[in-house]
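Single-letter residue listing:
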Number of protein chains: 2
Amino acid sequence: MNVLVLDVGTSSMRGILFSAEGAALASAQCPYRADYMEDDGVEQSPSDWEEAMYGIFRSISAEAMAKHADIDAVSITAQRSSVIPVDRDMIPLHRAIMWQDKRSAKICRQLECENEEIFRRCGSKANTVFSAGKMAWFRKYRPDIYKNTYKFTGVADYLVYLLTGNLCTDYTYGSRTLLMNIYTHKWDADLLKLFEVEEEKLCPLVPPGSISGYLGKDAAERTGCREGIPVITAGGDQQCGTIGQGVVQEGFLSVTAGTGGFLITAVEEIPKNLQPNVICNVSSIKGQYILESSVLTCCSAFDWFCRNFYEECSYEEINRIVEKTPIGSNEVVCLPYFQGRSTPDWNYGATGMFSNITLHTGKADLLRALLEGICYEIQNGIDVMKEYVDVKHILINGGLANSDVFNQMQCDVCDIELIRRGETDATARGALMVALQACGVFTTVQEAFQCISRQDKVSFYHPDRDKKEKYQKCREKMNEIYHNLYM
Amino acid sequence: MNVLVLDVGTSSMRGILFSAEGAALASAQCPYRADYMEDDGVEQSPSDWEEAMYGIFRSISAEAMAKHADIDAVSITAQRSSVIPVDRDMIPLHRAIMWQDKRSAKICRQLECENEEIFRRCGSKANTVFSAGKMAWFRKYRPDIYKNTYKFTGVADYLVYLLTGNLCTDYTYGSRTLLMNIYTHKWDADLLKLFEVEEEKLCPLVPPGSISGYLGKDAAERTGCREGIPVITAGGDQQCGTIGQGVVQEGFLSVTAGTGGFLITAVEEIPKNLQPNVICNVSSIKGQYILESSVLTCCSAFDWFCRNFYEECSYEEINRIVEKTPIGSNEVVCLPYFQGRSTPDWNYGATGMFSNITLHTGKADLLRALLEGICYEIQNGIDVMKEYVDVKHILINGGLANSDVFNQMQCDVCDIELIRRGETDATARGALMVALQACGVFTTVQEAFQCISRQDKVSFYHPDRDKKEKYQKCREKMNEIYHNLYM
């Protein structure tokens, strides 16, 4: 059985045709770009995705045919929280309001006093990144569109509709709206009231890893695939990526140190002691949830520093400079909040800082302090995770994980073995695993992961215990400075 | 009447033969260097100064003779607080312990609890820079030397003795010992007890601007000068420098933004509300005092930044970069405590910091923030001065004052006209003015200043009032961060 996975990202869409064993048989990619507007708006035309999808399908169908490989199912994973208002004929009434769009800031701020209640129900606090504020924005600033909106769909939902004619959204996307109750997996009447969004304007909720429908006749023609093959909603891209990295049971934590950093762990049920210092979302694995914590600037901060202060150095040279600088960066402390702080306290006003500088400080001390600061902040996030789960294994990835120096630093800070998988298609592979379980090839997603990841190249980092204490003290110093400035 | 001024600095000795109108008739300079030792010790051999002095005298005598100019008096100004223990034959028992020597740190720390009382009597708090700790260090760690010490002399005292055979020290040096009562101008029994120094080991106190003695026969031979000409103790180098810059009455404040920064103002009497947020020293002008405040890193911090981050840029290019960056450095705030903070709160543990950094921050923002931070800290010092005097005129000098960009920035921060004198010999000229008053050429030092500075090239900076408020807000932000971190 071969599955075509469609991964609808922010800057491009990718399609990969996988065998049930996880071998990539064909692939295609189509770049696109959202419009970043002056008023904090970020929009994209739904036709971008429609065209990209059919293009990818046709390209992969052709390649599959040449290889005599069938396409037996389609699995879709996508960016979360972007919102498309459509009318009764499913025609978009406006370009998609993207997840990065911040025009709902005022609406979210006005609901801040309700955050405790909002979090208690949906596992997240009011924030521009989630869908509800975007829908409320239409109601408030474009009442004409809001009135004519039959449904607000997500990007995956919209594409699934184009392929199958069925309209639904899954719990993973639901848990990024601020409108779904994470305990009941139903739209929550009180949350709908708070955001003044009518339930009838939302898509019906279905579990992720379920068949959303079957490829329609027109779609079959346009895609070059067989009519009637199942189309599976695999869940949000972060959910699938987490699975692809191996976070398929409690005890595993993935740390993605990309542009920003994401810490995601799996839990079998919603923790009894859940606090708003994390985000709790529904997982793509049946019955599971994910806890999410984030570090807003990782690679972005490192790149900012290199661009400003090491303009002409290669990454290799920069790594050597970091390595030659002692632990603790000669006392320099960096607060890595260059775009504010998210979890655990959601302090948007926090900023980046280099402190403890003397005339003996060198540029390299600042550089290393920045990387150490990122590691400490990740460790702060891990400490929060530990309030809920027993973190036993950490899987690292993202741009900064390409640096052995950074990984070893992170490992020594964490004082735990770190695991790095060589595979780069985590999200698509996760969506494949979910689809194979949905189609009955495997009984569970865990089983799919075991089978598919068997041949993966995995490397390990081992902590140097002697360094732990020194790092720990530096982290305390960083947290103390943060505390003194912001608490 | 011509006066040979000897200015005994830290890195060199300079001699200038001045006419009574302030024209330099001849000059000579001799460099030397203290030994910077591993244990925070800084020492220099008294013979360095003896040799340098005679060399300078001979050179100037010869030049004067060639020009048919007489040398009618000698005026000496010197570094303060360096200590030479001598025996009954006035032979040094040890190299001088220099003002920068920090070996008395432990002794000073132990007396911290007595600081209120110490300050109330001598206008300074216990600190390694002052003489008393250095004498106590001899008692504690070199009791053999302490026992045989007939007198502890300062550098100027020692040279005056060599020239005249008379042993004394003036109030300006006395007020840098921590042992002289600034109200009575006498050695203070309670302070002597605190530091465990016997009064008999100290030189007799005389007013600055007095004739310490007359050139002896041997000295006349060695110097090439006439026997019997008066030798005047003009007072400490900072005192003389302040006079040379024009701080000869209340309302004037000199701001020297050199390696470190010094703010010095004149007061006609010790302020009734004097607090340890400044240092109060005796002035070289009869009856006056000076209030001193300092910024530990000015040029040193700027040079540190340029060396680390603008390696290949000229000062002109750097100034252009600063000028192009907006007021407030795009929100970046720098705490310029790269070697701790001195006045007003003597926080040695304070450190340098760049804060409020985002991914939009550029290197130039940090550079400008550093210069702004120095200006704000100077203004903090001025605000403290204003508790005691009505600051009407500010005279600027020092390395950073070579930059028009910095001066205008400082001017806009201060919101007051700044005056910059082109003359660079402020210290020697101050010592000349004091000597001319001592010899009766002028009735007062103020009169000497009026006459001698008449032809000086003076430039002015005028504040741009529109910028004041913006700078004021930034300074408040800087002070708030400092307060949150250290108070």
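Residues numbered from 1 in each chain as written. Chains lettered and ligands numbered in written order. Predicted model: local features only at pLDDT ≥ 70, side-chain atom pairs only at ≥ 80, totals over all residues. Heavy atoms only, no water.

1. Some remarks on the overall build of chain A
Definition in use: For helices the rule is a DSSP run of H or I covering at least 4 residues; for strands it is a run of E covering at least 2, with both sets numbered from the N terminus onward. Only C-alpha atoms enter the radius of gyration; for comparison, a globular chain is expected to reach 2.2 Å times N to the power 0.38, where N is the number of residues. When a residue's accessible area, from a 1.4 Å probe over protein chains only, is under 20% of the maximum for its type it is buried; when over 50% it is exposed; and in between it is partly exposed. Two residues qualify as a contact provided that any one of their heavy atoms is within 4.5 Å of a heavy atom in the partner residue. The accessible surface values rely on the Shrake-Rupley method and a 1.4 Å probe; as for residues, cover is taken only from the protein chains in view. When charges are counted, Lys and Arg are positive and Asp and Glu negative, with His and the chain ends excluded. Here the site of a charge means atom NZ of a Lys, CZ of an Arg, CG of an Asp or CD of a Glu.
Broken down by element type, chain A carries 17 helices and 24 strands. In terms of overall size, chain A behaves like a compact globule, its C-alpha atoms giving a radius of gyration of 23 Å where 487 residues would be expected to give roughly 23 Å. Considered along the principal axes of its C-alpha atoms, chain A spans approximately 70 × 55 × 45 Å. With 487 residues in all, chain A has 63% of them scored as buried. For chain A, the share of sequence-separated contacts (at least 6 apart) that also reach a separation of at least 24 residues comes to 72%. Carbon and sulfur atoms make up 47% of the accessible area of chain A, which amounts to about 19100 Å² in all. Distance from the positive charge centre (49 side chains) to the negative charge centre (64 side chains) of chain A: 2 Å.

2. Describing the pairing of strand 19 (residues 289–295) of chain B
Residue and element names in this part refer to chain B. Applicable threshold: Pairing between two strands requires that DSSP report at least two bridges joining them.
Among the seven residues of strand 19, seven are classified as buried, and the element is accordingly described as predominantly covered. Side chains Tyr289, Leu291, Ser293 and Val295 project from strand 19 onto one buried face, and the interleaved Ile290, Glu292 and Ser294 project onto a second face that is buried too. As defined by bridge partners, strand 17 (residues 261–267) adjoins strand 19 across seven bridges and the pair is classed as antiparallel. Counted as the bridge partner of Val267 is Tyr289 from strand 19. Direction of pairing for strand 18 (residues 279–282) relative to strand 19: antiparallel, over a ladder of four bridges. Along strand 19, the bridge assignment pairs Val282 with Tyr289. Linking two consecutive strands that pair antiparallel, namely strand 18 and strand 19, is a turn of six residues; a positive phi of about 80° is found at Gly287 within it.

3. What about helix 17 (residues 465–486) of chain A?
Which entries qualify depends on this criterion: In a helix, the anticipated span is given by 1.5 Å times the number of residues less one. To obtain the arc, one takes the directions from the helix axis to the C-beta atoms.
Here helix 17 of chain A spans 32 Å end to end across 22 residues, near enough to the 32 Å set by a 1.5 Å rise per residue. Every buried residue of helix 17 of chain A is accounted for by A:Tyr471, A:Cys474, A:Arg475, A:Met478, A:Ile481, A:Tyr482 and A:Leu485. The arc that holds every buried residue of helix 17 of chain A, seen down its axis, measures 115°, which confines them to one face. In helix 17 of chain A, the exposed residues that point more than 90 degrees away from the buried face are A:Arg465, A:Glu469 and A:Lys473. For helix 17 of chain A, the secondary structure elements touched by its buried residues are strand 20 (333–336), strand 21 (352–357), helix 13 (363–385) and helix 14 (404–414) of chain A together with helix 17 (465–486) of chain B.

4. Considering the interface of chain A and chain B
Think of interface size as the accessible area that goes away when the parts come together; that is how it is often given. Our working rule: What gets called buried area is simply the loss in accessible area from a 1.4 Å probe that two parts show on being joined, summed for both. One speaks of a salt bridge when a side-chain nitrogen belonging to Lys or Arg is within 4 Å of a carboxyl oxygen belonging to Asp or Glu. Counted as a polar contact is a pair of N or O atoms within 3.5 Å, where, for protein atoms, one must be capable of donating a hydrogen and the other of accepting one, and residues adjacent in sequence contribute only when both atoms are in side chains. Note that Gly is not counted as nonpolar here; it falls among the polar residues with everything else outside the nonpolar set of Ala, Val, Leu, Ile, Met, Phe, Trp, Tyr, Cys and Pro and the charged set of Asp, Glu, Lys and Arg.
The interface is formed by 26 residues belonging to chain A together with 26 residues belonging to chain B. Counting the surface lost from both chain A and chain B, the interface buries some 2200 Å², and carbon and sulfur atoms represent 64% of this. The largest contributions to the chain A side of the interface with chain B come from A:Trp304, A:Ile357 and A:Leu359, which together make up 28% of the buried area. On the surface where chain A and chain B come into contact, there are zero salt bridges. Taken together, chain A and chain B are joined by 13 residue pairs in polar contact (both at pLDDT 80 or more). Mapped by element, the contributors of at least two residues to the side of chain A that touches chain B are helix 11 (299–309), strand 21, helix 13 and helix 17 of chain A. A per-class count over the side of chain A that touches chain B returns twelve nonpolar, twelve polar and two charged.

5. Examining the relation of the copies chain A and chain B
What counts is decided by this rule: The copies were overlaid by least squares, fitting only the C-alpha atoms of residues that reach a pLDDT of 70 or more in each copy.
Once turned by 180° and shifted 0.1 Å along the axis, chain A lies on chain B with an RMSD of 0.0 Å. What we have between these two chains is a two-fold relation. Mapped onto chain B, 100% of the interface residues of chain A are again interface residues, and the two copies thus contact each other with one and the same surface.

6. Some details on helix 3 (residues 115–122) of chain A
Residues and elements named next belong to chain A. Considered for burial, the residues of helix 3 that qualify are Asn115, Ile118, Phe119, Arg121 and Cys122. Residues of helix 3 that are buried make contact with strand 11 (180–181), helix 8 (189–195) and strand 18 (279–282). Downstream of helix 3 by a residue or two, Gly123 has a phi angle that is positive, lying close to 80°.

7. Topic: the sheet that holds strand 16 (residues 252–257) of chain B
All names here are of chain B. The condition is simple: Fitting a line to C-alpha atoms yields each axis, with helices limited to the stretch in contact; the angle taken between N-to-C directions then spans 0 to 180 degrees.
Strand order in this open sheet of seven strands is 18-19-17-16-22-23-24, and the pairing throughout is mixed. Across the chains shown, the open sheet's two edge strands, defined by having one partner strand only, are strand 18 and strand 24 (458–461). If you compare each strand with its neighbour and ignore which way they point, the axes differ by 25° on average. The strands that helix 13 (residues 363–385) touches are strand 16, strand 17, strand 19 and strand 22 (393–397); relative to strand 19, the one it contacts most, it runs at about 155°.

8. Examining the domain arrangement of chain A
All names here are of chain A. Filter applied, for reference: The source of the domain bounds is an automatic or database domain assignment.
Here chain A is described as being made up of domain 1 (2–235) and domain 2 (246–422 + 457–487). Taking only C-alpha atoms into account, the centre of domain 1 sits 30 Å from that of domain 2. Across the boundary between the two partners, domain 1 contributes 20 residues, which contact 16 residues of domain 2. For the pairing of domain 1 and domain 2, the buried interface totals around 1400 Å² over both sides, and the portion due to carbon and sulfur atoms is 54%. Considering only the surface of domain 1 that becomes buried against domain 2, Phe119, Lys125 and Ile182 emerge as the three largest contributors, covering 33% of it.

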